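# Commentary on secondary and tertiary structure
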Amino acid sequence: KAKDSGRNTYSSYSQELTEKAQQYLSMEARLRKALSNDELRVHYQPLIDLQTGECKGVEALMRWQDPDAGLIPPMEFIPHAEQSGLIGALGEWVLSQSIKDFQGWLDLGIDPGILAVNLSPRQFAEPQLVSQIAGVLKSTQFPAERLELEITETALISRGDQAESDLRRLKSLGLALAIDDFGTGYSSLAYLKQLPIDKLKVDRSFIKDLPSDVTGGEIVAAIIAMGKAMDLEVLAEGIETRAQQEFLTNQGCPTAQGYWFSRPLPADQLLLWLKNNQQTTLPQPL
Ligand code: C2E
Ligand code: MG
Ligand code: MG
Ligand code: MG
């Protein structure tokens, strides 16, 4: 029996490979169509000042509204976009769209602070990245001081000795830089110290089991202390409970984001959230 199925196994294996390749091709074709048919969306999650409760910025997070499959999260299509080289076009789209939304809020007299946009490893390594971003900033007249780019710690490390000069060229545009998912990539203090970065975003895995997770708490406290020593802002990702918020506030963590404050929201819903939050954080008139 085992011998019989041996041949079947081989043919179904190669069949599976063909299916995988086809899926990949059709995924690339579907993504191209998504871009040209306006199926991509940006949701926004507020970045909160833990001392005052104010919104200090918003992070732009891409989604794909597929007519058949519904709302597809970024982890399910960004890897395909990376593989196929479409990530450059997707990245340019997210940057332009989020700047448009942001300028719409400013025009209404609502100031969300800064706009944070994610860069994938391949985008970061792309030689045209700096001129692409410069082009969008120029055509939208968006002030670079309002823009922050998020690069994961692993993407930085994989660029090796190139990372520092890549970051310096981006910084020369006048924008801010954050290390995303910080704590997962084993970068050394000596390495970090030489990089022109402004912010560390502590990975959610260290926040998830707070406050009962003693080790996680100690790691977060160490990153907060390190941020202070290196004059970097620290933001804790993925706050889901009041207890986590209190723990981080007591530890002196300056900023945070997470479902506890708000899930990522479409632009119109974020506007409503910003209006409400503005009211609740302003001193109440007597
Ligand atoms: P990220 O940059 O680390 O973004 C944070 C992720 O954590 C988001 O997932 C957000 O929805 C989620 N999150 C926020 N608060 C909470 C919380 O309290 N609990 C939990 N469980 N999750 C929370 P999302 O939107 O699915 O994005 C996943 C990743 O996809 C992002 O991780 C980022 O690496 C990537 N990504 C998203 N948008 C873009 C984009 O426009 N360009 C690129 N290159 N990558 C993107
Ligand atoms: Mg991010
Ligand atoms: Mg992150
Ligand atoms: Mg993360």
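The structure reproduced in this document is the subject of the present report. (Residues numbered from 1 in each chain as written. Chains lettered and ligands numbered in written order. Predicted model: local features only at pLDDT ≥ 70, side-chain atom pairs only at ≥ 80, totals over all residues. Heavy atoms only, no water.)

The coordination sphere of the magnesium ion (ligand 2), as far as protein atoms go, consists of Glu59 (OE), Asn118 (OD1), Glu150 (OE) and Asp180 (OD), spread over 1.9 to 2.2 Å. The motif formed by the donor residues of the magnesium ion (ligand 2), counted along the single chain, is E-x58-N-x31-E-x29-D. With relative accessibility at 26%, the residue Asn118 sits in the partly exposed group. (Donors = N, O, S within 2.8 Å, 3.2 Å for Na, K, Ca; no water. Buried < 20%, exposed > 50% of the residue type's maximum accessible area, 1.4 Å probe, protein only.)

At the junction of Leu210 and Pro211, the peptide bond is cis and its omega measures out at 0 degrees in the coordinates. Tracing the backbone shows Pro211 in the loop between strand E7 (199–202) and helix H9 (214–229). Unlike most non-glycine residues, Asp38 shows phi in positive territory, near 65 degrees. Position of Asp38 among the secondary structure elements: in the loop between helix H1 (2–36) and strand E1 (40–49). (Helix = DSSP H or I, 4+ residues; strand = E, 2+ residues; numbered from the N terminus.)

Attention now moves to the state of the cysteines. The tally for this structure, following the rule as stated, stands at zero disulfides. Sulfur of Cys55: no disulfide; nearest cysteine sulfur belongs to Cys253 and is 16 Å away. (Disulfide = S-S within 2.5 Å.)

So, to be careful, I would describe these as geometric facts and stop short of saying anything about function.
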